[in-house]
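Architecture at a glance
Here is what each chain is made of, one letter per residue.
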Amino acid sequence: VLFWSPYLILGPDTHVKIFDNLDCHIPQSKILAESGKAFSLNPETKLDQMLNGVRLSGVDSGFNVLTWLFMIFPPFLAYAFNELIIRLAAFFGMFLLLRDYVVKPEKKEQFWIIVGAAIGFACIPFYPAGGLSIAGLPLLLFAFYNILNHKQKYTDFIIIAVFPFYSKLALAGLFIAVLLFVIFLMDFFKTKKINWYYLGGLALFSGLYTFTHFHLVYSLLFSDVAMFRDEIAITGVAGAKAFKSSIRNFLFD
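Residues numbered from 1 in each chain as written. Predicted model: local features only at pLDDT ≥ 70, side-chain atom pairs only at ≥ 80, totals over all residues. Heavy atoms only, no water.

**A closer look at the nonpolar core**
For the record, the criterion: Nonpolar core, defined: a set of buried Ala, Val, Leu, Ile, Met, Phe, Trp, Tyr and Cys residues in which side-chain atoms within 4.5 Å join the residues together. A 1.4 Å probe rolled over the protein chains alone gives each residue an accessible area, and that area as a share of the maximum for its type sets the label: buried under 20%, exposed over 50%, partly exposed in between. Helix numbers and strand numbers start at the N terminus; a helix is a DSSP run of H or I with at least 4 residues, a strand a run of E with at least 2. Any two residues having at least one pair of non-hydrogen atoms within 4.5 Å are treated as being in contact.
With 52 residues, the main nonpolar core has Phe144, Leu180, Tyr198 and Phe205 as its most contacted residues. In terms of residue count, the dominant contributor to this core is helix H5 (residues 75–101) (11 residues). Look past the residues within four positions of phenylalanine 144 in its chain and what remains in contact with it is Ile160, Leu180, Tyr198, Gly201, Leu202 and Phe205. Core analysis: the second largest hydrophobic core is formed by 7 residues, Ala38, Met50, Val54 and Leu56 among them.

Here it is as structure tokens:
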């Protein structure tokens, strides 16, 4: 609450990230929310208000909680609520994952280690437009670990089903699906048994991602129309400079 309090105290005067956020995803979400085309499944649907007409494959998904927030609330409130939701998910997800699968809170000091680590994770400067792409990873992993250990509940499948509606396929979804499948293979070689509940959860996860990002998947597989990113001039970066930049970004960004 203290971390989030500037949104309450300063209101629209709150400082927010500009690059790829205030200059892109916030207006993009607002335009999509008001376009009347957010839920279109027609691959040729365009948003005329952007770049003389951009196909929905080039913008955020209409089947996303962030877009829905911009449909319901004014832009600032939508942005602030998004920040609150992803940080609550980050805290409780990390708390549950650490409590059940990493640190056993047998002693009082271990419990506070779990709480402290969860708070620390929840205060990371997540990419707001990414939704739960990073902030929700511990919660998603907690759900899959429950299924992997045959402790599944219906709430685990709800978590798995919600994740594709509040994250981005290109930022995290594809890589998460690959990693989850690797975990499935490791469990199979270890136990010599197929965990059908886990496999079903992975199928649900992948299927809903395909649905929520239908336009992007379609454009990659079936469309020969050039994406607007094709117009970006690519410049090479030397290996040493790229490595140095990666270290700097990891430590300070």
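**Details of helix H12 (residues 214–221)**
Regarding H12, the residues found buried are His215, Leu216, Val217 and Ser219. Those residues of H12 hidden inside the fold are in contact with helix H10 (169–191) and helix H11 (196–212).

**Brief notes about the pattern of salt bridges**
So the rule is basically this: Salt-bridge detection follows one rule: a side-chain nitrogen of Lys or Arg within 4 Å of a carboxyl oxygen of Asp or Glu.
Counting across every chain of the model gives 6 salt bridges. Put simply, lysine 168 and aspartate 60 hold a salt bridge, and the shortest N to O gap is 2.5 Å. On the criterion of sequence distance, the pair formed by lysine 168 in the loop between helix H9 (154–162) and H10 and aspartate 60 in the loop between strand S2 (54–55) and helix H4 (65–72) is long-range, its members being 108 residues apart. Of the two residues examined, lysine 168 and aspartate 60, each falls in the buried class. A salt bridge links glutamate 83 to arginine 87; the nearest nitrogen and oxygen atoms lie 2.9 Å apart. Taken as a pair, glutamate 83 and arginine 87 lie in helix H5 at a separation of 4 residues, close to a single helical turn. Across the pair, exposure class does not vary: glutamate 83 and arginine 87 are buried alike.

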